[in-house]
Amino acid sequence: RWLRQHECVEKLNMHAILSASVGQEQLLTELLVTYAKIPVLIGELISVEIWKHKIFPVLCRLEDFKPRSTFPIYVVLHHEASIINLLETVFFYKEICESAEDSILDLIDYCHRKLTLLAARSTNGQTVTPVALHPEDLARPSSMQKQAETMEFEISLKALSVLRFITDQVESLPLSALTRMLNTHNLPCLLVELVEHCPWSCREAGKLKKFENGVWHVVPPEDQVKMTKLDGQVWLALLNLLLSPKCQRKYRFDSFNKSQLLKLRAFLTDILIDQLPNLVEMQRFLSHLAVTEPAPPKKDLVLEQVPVIWDHILKKNVGKWEAITKHQVKCVFSPTEEELKLQAHRWAQTYSLDMMEALAPDKPRCSVCGAEAAKRCSRCRNEWYCTRECQVQHWQKHKAACNLMA
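Given the structure is predicted, the values throughout are model-derived calculations rather than measurements. (Residues numbered from 1 in each chain as written. Predicted model: local features only at pLDDT ≥ 70, side-chain atom pairs only at ≥ 80, totals over all residues. Heavy atoms only, no water.)

### Here we look at the UniProt feature "domain: MYND-type" (unreviewed entry) in the chain
According to UniProt, the positions carrying the feature "domain: MYND-type" (unreviewed entry) are residues 366–402. Across residues 366–402 one finds 41% helix and 11% strand; the C-alpha atoms that close the span lie 16 Å apart. (UniProt positions renumbered as here; feature names shortened; annotations may be inferred. Helix = DSSP H or I, 4+ residues; strand = E, 2+ residues; numbered from the N terminus.)

Right under this line is the structure:
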């Protein structure tokens, strides 16, 4: 049943990406809001995170656990990545953020944990590099730990984007959410750490490398001052949290916080401001902050909501983690040869071209005349045609590419 649920999340994720690429994700967001699925997805996200912290390490230490394949374990690890990617795609919309209701506090805590991990790694000079898995590695749980570390880095970057979209809605967020971001977790200072140490950037053999679109690449000298999407997310989140009057009334501008925030002035160069003009307002705010003592936040007696999902799962299963691990080894992670084949077949179907085309919001179009197409090249299965005549007409142009892909 869980595997079926994972397939559904994967299909939702693919549909969201395909819809967003053509600007038609509104229908999906309306469905997620109507059926109250955002709190469900957040609950599932935190459940998998706890599994990674409590079950996965025990699983890797079991000496008598020698599975035929670690593929079922990888599916669970990948589940968290799928959910956070889906949330990153849809949280751009205000109604999605509002539909999270009380679980927005749990999501804020989740993002804080991921960003703290990012900041800690960059402060210690750790750089995550992709791990190439070979067929012989698929039977060793230890190899999955390296893969999980790489995946954790990419998930943390997605969490940064989700947090930025949450900060876009500071004016409509409940008071508890603001308190959680500004005072409980002190997110402005955490974001300053990310600006300072930039975990998605590193130097290797004298060359600057940046992490973009899932890969590390060498940045040519002329592009080294160019702002990346991740840099932009951090600056936009800081703008939302520091320049909002509602946040300024709530945040504690004590000596430590003030000294941390003023570090940003060194990074606000003319080149950076040219790329994100809104940062002029940030520059003015910091100049004013440097010469004034902001009033302390007003202390009101408030009944504050707290996140419950993480604590509820931990308390419910305290002392049971090893027993749960052994049960999952027996019932989930030791499939027979036939069950493995069935799982692989279902995954192949989920990621097939036919499935992606079924999820795409637009019908395929003929490569020649642009009419709605129902036929496609049987060799490469990449080009679509409305009639046999159009296919024949296009063959001379398509032949070379078809031979390569087929």
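Structure shown, so let's carry the discussion forward.
### Some points on the pairing of strand β3 (residues 215–218)
Relative to β3, strand β2 (residues 207–212) runs antiparallel, the two sharing four bridges. Within β3, the position partnered with Glu212 by the bridge is Val215. Connecting the antiparallel pair β2 and β3 is a turn made up of two residues, with Asn213 showing a positive phi of about 55°. (Pairing = 2+ DSSP bridges.)

### What about the pattern of salt bridges?
The final tally for this structure, using the stated rule, is 17 salt bridges. Two residues, Glu49 and Arg113, come together in a salt bridge whose shortest N-O distance is 2.8 Å. Of this pair, Glu49 sits in helix α3 (residues 38–54) while Arg113 sits in helix α7 (residues 103–123), placing them 64 residues apart in sequence. Among the residues examined, Arg113 registers a relative accessible area of 24% and is labelled partly exposed. The salt bridge partner of Glu98 is Lys94, with a shortest N-O separation of 3.9 Å. Taken together, the positions of Glu98 and Lys94, both in helix α6 (residues 94–99) and four residues apart, correspond to about one turn of that helix. What makes Glu98 partly exposed here is its relative accessible area of 43%. We classify Lys94 as partly exposed; its relative accessible area is 42%. (Salt bridge = Lys/Arg side-chain N within 4 Å of Asp/Glu carboxyl O. Buried < 20%, exposed > 50% of the residue type's maximum accessible area, 1.4 Å probe, protein only.)

### Notes on the sheet that holds β2
Strand order in the open sheet formed by three strands is β1-β2-β3, with antiparallel pairing between adjacent strands. Of all strands in the sheet, those bounded by a partner on one side alone are β1 (201–204) and β3. Neighbour-to-neighbour, the strand axes of this sheet turn through a mean angle of 35°, independent of strand direction. Here β1 pairs with β2 via four bridges, running antiparallel. The residue of β2 that forms the bridge with Arg203 is Leu208. (Axes fitted to C-alpha atoms, helices over the stretch in contact; angles between N-to-C directions.)

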